[in-house]
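Reading the structure
Residue-level listing of the chains:
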Amino acid sequence: ATPTSIMVGTGRAAELGVLFRQGEALQSLKEVGVVALDKTGTLTQGRPELTDFVTAPGFSEAEALGLVASIESRSEHPIAQAIVAAAERRGLALSSPDAFEAVPGFGVSALVRGRKVDVGADRFMARLGLPVSGFADIAARLGTEGKSPLYAAIDGRLAAVVAVADPVKPSTPEAIAALHALGLKVAMITGDNRRTAEAIAKRIGIDEVVAEVLPDSKVEVVKRLRQAHGPIAFVGDGINDAPALAEADIGIAIGTGTDIAIESADVVLMSGDVRGVVNAIALSKATIRNIR
Ligand code: ADP
Ligand code: MG
């Protein structure tokens, strides 16, 4: 491509809210065979709401939710904010936790009012030696509904299953259909539960789901998808998306996301709208066509 056509292309992109941090990306984007997207905050709004709170025998909702929300008041995870907001709506008093510990991709632990509280994914409970099989039916139903089930243990006993739902952005299904129309494979990468991820993927037309991915493993998934489908664009917003954004042939960050994601990307979408990915690829193809 000539410098002039690149300049025109990146200028046109900027008008559409797509920022090319380097002109080369405009040329290589048209080669992409697969677009992989992070789920939370990229395809979804990243603002989950608590939808279900089911206690085990021997625990009241007020007691369990009060303890769970107290520990989550220390976490920055979007799930934590959903739980704290739900407890506040119910007028529950929260206590400040002691010995708080967050395990990325797993969950959080602390002491609240002298009681040991652990909240997180099923794999977190497995690590603590607390099998969640008693909640298997409830968790399966929640997952099928596209909700994310989490578990709470109090003093080493499974006390509740908690579900949060994170709405899909209204523009997401249209963006995925448009990527398909360009002949691309569309994959979703998430740390969330497999059943939940598959329910959401089915709703929005994703071809390939990679679920229960630990924060450190997104890079490996990007490499694997590249081997299977060719040059890859990865779209993400979070701190733990940064290595995958750097690894991908083209890293595309959501402009409303974290600074570190934006700094690791080749392309930045100024709004949270994933249709920007479609605009960027279409522009890349148009720019190169003009030169031939
Ligand atoms: P994602 O943002 O895709 O959900 P994360 O790696 O941040 O991925 O988290 C993976 C999973 O770990 C979450 O879906 C949840 O089950 C669990 N988890 C992480 N942090 C917390 C927390 N503060 N409270 C409860 N569960 C958590
Ligand atoms: Mg995210």
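Residues numbered from 1 in each chain as written. Chains lettered and ligands numbered in written order. Predicted model: local features only at pLDDT ≥ 70, side-chain atom pairs only at ≥ 80, totals over all residues.

The protein is annotated in an unreviewed UniProt entry as P-type Cu(+) transporter from Microvirga lotononidis.

1. So, the sheet that holds strand β13 (residues 267-269)
Keep this limit in mind: Any two strands with at least two DSSP bridges between them are considered paired. Think of it this way: any DSSP run of H or I at least four residues long counts as a helix, any run of E at least two long counts as a strand, and we number them from the N terminus. Lines fitted to the C-alpha atoms define the axes, with helices restricted to the stretch that makes contact. Angles between their N-to-C directions range from 0 to 180 degrees.
The strand order across the open sheet formed by seven strands is β1-β13-β12-β11-β2-β9-β10, and the pairing between neighbours is mixed. The strands lining the two open edges of the sheet, one partner per strand, are β1 (18-20) and β10 (208-210). Strand-to-strand twist of the sheet, defined as the mean angle between neighbouring strand axes without regard to direction, takes the value 20°. As judged from the five bridges shared by strand β2 (residues 34-38) and strand β9 (residues 185-189), these two strands associate in the parallel manner.

2. Considering the site of ligand 1
The criterion, for reference: In this analysis, residues qualify as near a molecule or strand once their C-beta atom, positioned from backbone atoms, comes within 6 Å of it. All amino acids are sorted into three groups, where Ala, Val, Leu, Ile, Met, Phe, Trp, Tyr, Cys and Pro are nonpolar, Asp, Glu, Lys and Arg are charged, and the leftover types, Gly among them, are polar. Domain delimitation follows an automatic or database domain assignment.
S75, H77, G105, A121 and G191 are the nearest of the 21 residues found near ligand 1. Where the shell around ligand 1 is concerned, the elements lending two or more residues are α3 (39-43), α5 (78-89), β5 (107-112), β6 (115-120) and β7 (148-154). Class assignment for the residues of the shell around ligand 1 results in nine nonpolar, nine polar and three charged. Both domains that meet at the shell around ligand 1, namely domain 1 (3-45 + 168-291) and domain 2 (49-165), each give it at least three residues.

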